[in-house]
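Geometric and topological summary
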Amino acid sequence: MVVLKILIRNAFRNKLRTTLTIFGVAIAILSFGLLRTVVSAWYAGVDASSATRLITRNAISIIFPLPLSYKDKIRQVEGVKTVSWGNWFGAYYIEEKNFFANFCVEPVSYLELYPEFVLRLDARRAFLNDRKGCIAGRKLAEKFKWKVGDNIPLKGTIYPGTWNFVLRGTYKGRDKTIDETQFFFHWDYLNETLKKTAPGRADQVGFYIIGVSRPDLAADVSTSVDRMFQNSYAETLTETEKAFNLGFVAMTEAILTVIQVVSLVIIIIIMAVVANTMAMTTRERIGDYAIMKTLGFGGREISILILGESLVITLTGCIIGILLTFPVARIFSQELAIIFPVFNISSETLYLDLSAAVVVAFAAALIPTRRAIRIRIAEGLRRVG
Amino acid sequence: MIVPAAYNLRNLMKRRVTTILTVGGMALVVFVFASILMLADGLEKTLVETGSYDNVVVIRKGSTSEVISGIERTQSAIVEMLPQIAVGTDGQKMVAKEVVVLIALPKVSTGKVSNVTVRGISHQSFPLRPQIKLSQGRLPKMGSMEIAVGRSVARGFQGVGLNETVTWGMRSWRVVGIFDAGSTGFSSEIWADVDQVMQAFRRPVYSSVLFKLRDSGDFPNAKSILENDPRLTLEAKRETRYYLDQSEMMAKFLRILGLSLTILFSLGAMIGAMNTMYSAVANRTNEIGTLRALGYQRRGILLAFLTESLILGATGGIIGIFFASFMQFITISTVNFQTFSELAFSFILSIEIVAEAIAFALIMGFIGGIMPAIRASRMNIVDALRA
């Protein structure tokens, strides 16, 4: 207890300097925490994916469709429980900047495959019964202030024209990791319209979602599906939902790497600032250490004092930084709900914050401690300023 | 009287650890600041240079990129009849009907697949883009299963080197040439005959029609003819505008990310500088008193400490720029969210960025140093000497 009191007294000997340093550490921890959260938000889709779902798409690339007829063939594969399908619709609401994820899907099987999208029973029934009906995530509906029963016109980019939908319900995520900004409507609505306007594009499916009865069947099912369509005009690539989502993350890996490097740089910068503070404090107090040595204190006690002081500074800053992270992250997640639908501070991030603070404290105390231990008593006592 | 600069330099040398740490922190901030500006500049330069001002891209109305656009053959024939289209040296109209699709190829670096643009080209596609030079092999023959790949693709993806064969759409395609399109987006593309690509991918429609204007000022005319023709559902954009629109989101993302990061970082570095300077003032109270007693004015003292802080900032800035300049050797290749296809671009260091970074470093030095310098200049001679 006494030691802690001494450490805090020592740390706040120069109030201005210590306050500034703590402020710097708090800001660094705040930005480090935010960057880590951005990185984990990037992986949100991967983390939320289920082990019993497979995604089948055209092997050439995601932009090529598959024939609708594949659905019956896929159903025959052993281990397949449910098959659903859909297309990326790529439309926007009023203006291009109001972009959000919108898909048309086969609704019955889709909702069965995704139990994490929680929809009230009456809303579900209303959605299934209305071919022009749609459902939207809670956050999305809040953003555009949509109410159930509203008419929602979307402007198509891939499928030209204005498409009108009626909002039949909003879904909630089963927990915080579920994306609540998506928009779904009936695949039949798109297909029947295409049959009239662009018959060449009808009966084509962007992707199939396969529900397997047991996770350990996933590998077998994906090989059998792909083998079935080998050497056809539309070869397939089937992978687990996780691998599929990871593929998307991998495409923007370069940006992710930049963010990760930058979050390391910020730790190094703050290390320099704290190390500077520690170097200055010990320089000013070199006489004190000499006196302590005269009194018989050894190098161990002195290093505990310096390291402890460094820890007091970084940990105080770290706690302030962590406390600040929560409100700032909340603002972030409100403002950027569409880009990062899931923006949660993970406990891992908090542990990383703490360990960063400890590492910085040790690194910053290293050189000053060595110097304080090595100084000869006479030299230390003689030195001024 | 001005305090000699040598005094400042000696002082900085005396407290070497502190000086190195402060300068190091500032150098890192400047490094990040400059790198992010360089990246955003590189991206913009890539996309601006990709288009030519006199070229016009025609895509289906409402589609944001060529990949999701579709133009029927009959519609493309109408576009070809426009009177504003320039005539090339060979007497042919300078117009190219193209199809753009994406294929997934594994990357060299990670082995993971990413989307690469395949462009089906017509005879006029190369003449319309004079910035593209063939660097190895030859051009693909029209009507054959031959492809030419851009430099970034040949370097970044597996299986697309010269004379290698790629299989897609149940056909084998031989790489007969590698072209260099400088720092433009075309370096991230694969080119093959348009009719073969349409056959292989079963895409019966073109993606875009590109033509060169006879006269640069004719664009509004051509645009209004195209967009008011009841038979067409197309829109026309200058090629430069088209490619700028493609990168808007990405450039904005980079700038916002970069700006917010540097502001946060610079707070840290300024605190470092402020600490250093406050400590310098506190440690040198006696010296300040002596200087004042020797006849140096308050203003001289203020200037001396400010200079010292500015030296810290400038050194940090120069070191930061020095290391940032090495980033020019790095090429970033990532998927553009808007087009969903791979795009390679590099860091570009311009004189403006150097100036901005140095100015930024000096501002950090100034903000860090001004308060301590004011404190130093306000010291009372007698008190300072007694301390």
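As the structure is a prediction and not an experimental result, all values here were calculated from the model.

Counting its regular elements, chain A contains 15 helices and 12 strands. Based on the C-alpha atoms only, the size of chain A along its principal axes is roughly 95 × 45 × 35 Å. Scored against the burial criterion, the 385 residues of chain A give a buried share of 40%. Counting only contacts in chain A whose residues sit at least 6 apart along the sequence, the fraction spanning at least 24 positions is 81%.

Our focus in this paragraph is the overall build of chain B. When you go through chain B residue by residue, the secondary structure sums to 12 helices and 12 strands. Taking 21 Å as the expected radius of gyration for a compact globule of 387 residues, we find that chain B reaches 30 Å, considerably beyond that expectation. Dimensions along the principal axes, computed over C-alpha positions, put chain B at roughly 95 × 45 × 35 Å. Looking at chain B residue by residue over its 387 residues, the buried ones come to 50%. Looking at chain B alone, contacts between residues at least 24 apart form 83% of all its contacts between residues at least 6 apart.

As a further point, take the nonpolar core. A general feature of soluble globular proteins is that nonpolar side chains tend to end up buried together. Among the nonpolar cores identified, the biggest contains 211 residues, and A:Tyr208, A:Ile269, A:Val274, B:Met26, B:Val30 and B:Ala34 are the most heavily contacted of them. With 18 residues, the top contributor of residues to this core is helix H2 (residues 16–50) of chain B. Apart from the residues lying within four places of it in its own chain, the contact partners of B:Met26 are B:Ala269, B:Ala273, B:Leu312, B:Gly313, B:Gly316, B:Ala361 and B:Met364.

All names here are of chain A. The domains assigned to chain A are domain 1 (2–44 + 253–382) and domain 2 (60–234). If you average the C-alpha positions of domain 1 and of domain 2, the two centres end up 48 Å apart. Contacts between the two partners involve 6 residues from domain 1, matched on the other side by 9 residues from domain 2. Partitioning the side of domain 1 that touches domain 2 into residue classes produces 5 nonpolar, 1 polar and no charged.

A few words on the domain arrangement of chain B. Residue and element names in this part refer to chain B. Splitting chain B by domain gives domain 1 (5–48 + 246–386) and domain 2 (62–232). Residue-level contacts link 15 residues of domain 1 with 15 residues of domain 2. Looking at the side of domain 1 that touches domain 2 element by element, the count peaks at 5 residues for strand E12 (residues 342–346). For the side of domain 1 that touches domain 2, the class distribution of residues is 6 nonpolar, 7 polar and 2 charged.

What follows deals with the packing of helix H1 (residues 2–11) of chain A against helix H13 (residues 299–335) of chain A. To characterise two packed helices, one gives the angle between the axes of the helices and the distance between these axes. Residue and element names in this part refer to chain A. With their axes 9 Å apart at the nearest point, H1 and H13 run at an angle of 70 degrees to one another. With respect to H13, the element H1 is oriented roughly perpendicular. Here the hand of the crossing between H1 and H13 comes out right-handed. Taking contact as the criterion, the partners of Val 3, Leu 7, Ile 8, Asn 10 and Ala 11 in H1 are, on H13, Leu 305, Gly 308, Glu 309, Val 312 and Ile 313. Of the residues in the contact of H1 with H13, the class split is 7 nonpolar, 2 polar and 1 charged.

Residues and elements named next belong to chain B. Relative to each other, helix H8 (residues 239–283) and helix H10 (residues 298–325) sit at 145 degrees, their axes nearing to 11 Å. As H8 runs across H10, the sense of the crossing is right-handed. Touching Ala 273, Thr 276, Met 277, Ala 280 and Val 281 of H8 are Phe 305, Glu 308, Ser 309, Leu 312 and Gly 313, all from H10. When its residues are assigned to classes, the contact of H8 with H10 shows 6 nonpolar, 3 polar and 1 charged.

Turning to the interface of chain A and chain B, a few remarks are in order. Between chain A and chain B, the contact holds 43 residues from the first and 50 residues from the second. Going through the elements one at a time, helix H2 (15–42), helix H10 (241–251) and helix H11 (253–284) of chain A are the ones with two or more residues in the side of chain A that touches chain B. For the side of chain A that touches chain B, the leading source of residues is H11(A), giving 16 residues. By residue class, the composition of the side of chain A that touches chain B is 27 nonpolar, 13 polar and 3 charged.

Here the focus is the confidence of the model for chain B. Per-chain confidence: chain B averages 89 in pLDDT, with 100% of residues scoring 70 or above. Per the prediction output, this complex has pTM 0.82; the corresponding ipTM is 0.77.

Residue and element names in this part refer to chain A. The pairing of strand E5 (residues 117–118) with strand E8 (residues 162–173) spans 2 bridges and is antiparallel. Along E8, the bridge assignment pairs Val 118 with Lys 172. Judged from the 5 bridges that link them, strand E6 (residues 133–137) and E8 form a sheet pairing that is parallel. Following the sheet pairing, Ile 135 is matched in E8 by Gly 169. Sheet analysis places strand E7 (residues 151–155) next to E8, joined by 5 bridges and oriented antiparallel. Bridging from a neighbouring strand, Ile 152 pairs with Phe 165 of E8.

Once that is clear, we can look at unusual backbone geometry. Here A:Lys145, not a glycine, exhibits a phi torsion of approximately 55 degrees, which is positive. Classification of A:Lys145 as exposed rests on a count of 7 C-beta atoms within 10 Å.

Before going further, it helps to spend a moment on the environment of A:Pro153. Residue and element names in this part refer to chain A. With respect to the element layout, Pro 153 can be found in strand E7. Put simply, Pro 153 and Trp 163 are 10 residues apart on the chain and 5.4 Å apart in space, counted from C-alpha to C-alpha. For Pro 153, the contacting residues outside a window of four places in its chain are Thr 162, Trp 163 and Asn 164.

Let's shift gears to the environment of B:Val108. As for its position among the elements, B:Val108 is in the loop between strand E2 (95–106) and strand E3 (113–121). For the pair B:Val108 and B:Gly159, spaced 51 residues apart in sequence, the C-alpha to C-alpha distance is 9.0 Å.

Before going further, it helps to spend a moment on helix H9 (residues 218–228) of chain A. Residue and element names in this part refer to chain A. For H9, every residue scored as buried is listed here: Ala 218, Val 221, Ser 222 and Val 225. For H9, the angular spread of the buried residues around the axis is 95 degrees, confining them to a single face. Exposed residues lying more than 90 degrees from the buried face of H9 are Thr 223 and Arg 227. Next to the buried residues of H9 lie strand E1 (53–58), helix H4 (70–75), strand E3 (80–88), strand E11 (207–212) and strand E12 (236–240).

Calculation notes
Residues numbered from 1 in each chain as written. Chains lettered and ligands numbered in written order. Predicted model: local features only at pLDDT ≥ 70, side-chain atom pairs only at ≥ 80, totals over all residues. Helix = DSSP H or I, 4+ residues; strand = E, 2+ residues; numbered from the N terminus. Buried ≥ 20, exposed ≤ 12 C-beta atoms within 10 Å, placed from the backbone. Contact = placed C-beta atoms within 7 Å. Rg over C-alpha atoms; globule rule 2.2 N^0.38 Å. Core = buried A, V, L, I, M, F, W, Y, C linked by C-beta atoms within 7 Å. Domains from an automatic or database assignment. Nonpolar A, V, L, I, M, F, W, Y, C, P; charged D, E, K, R; others polar. Axes fitted to C-alpha atoms, helices over the stretch in contact; angles between N-to-C directions. Parallel < 35°, antiparallel > 145°, perpendicular 65-115°, else oblique. Left-handed = near helix turned anticlockwise from the far one by under 90°. pLDDT = per-residue confidence, 0-100. Pairing = 2+ DSSP bridges. Arc of directions from axis to C-beta.

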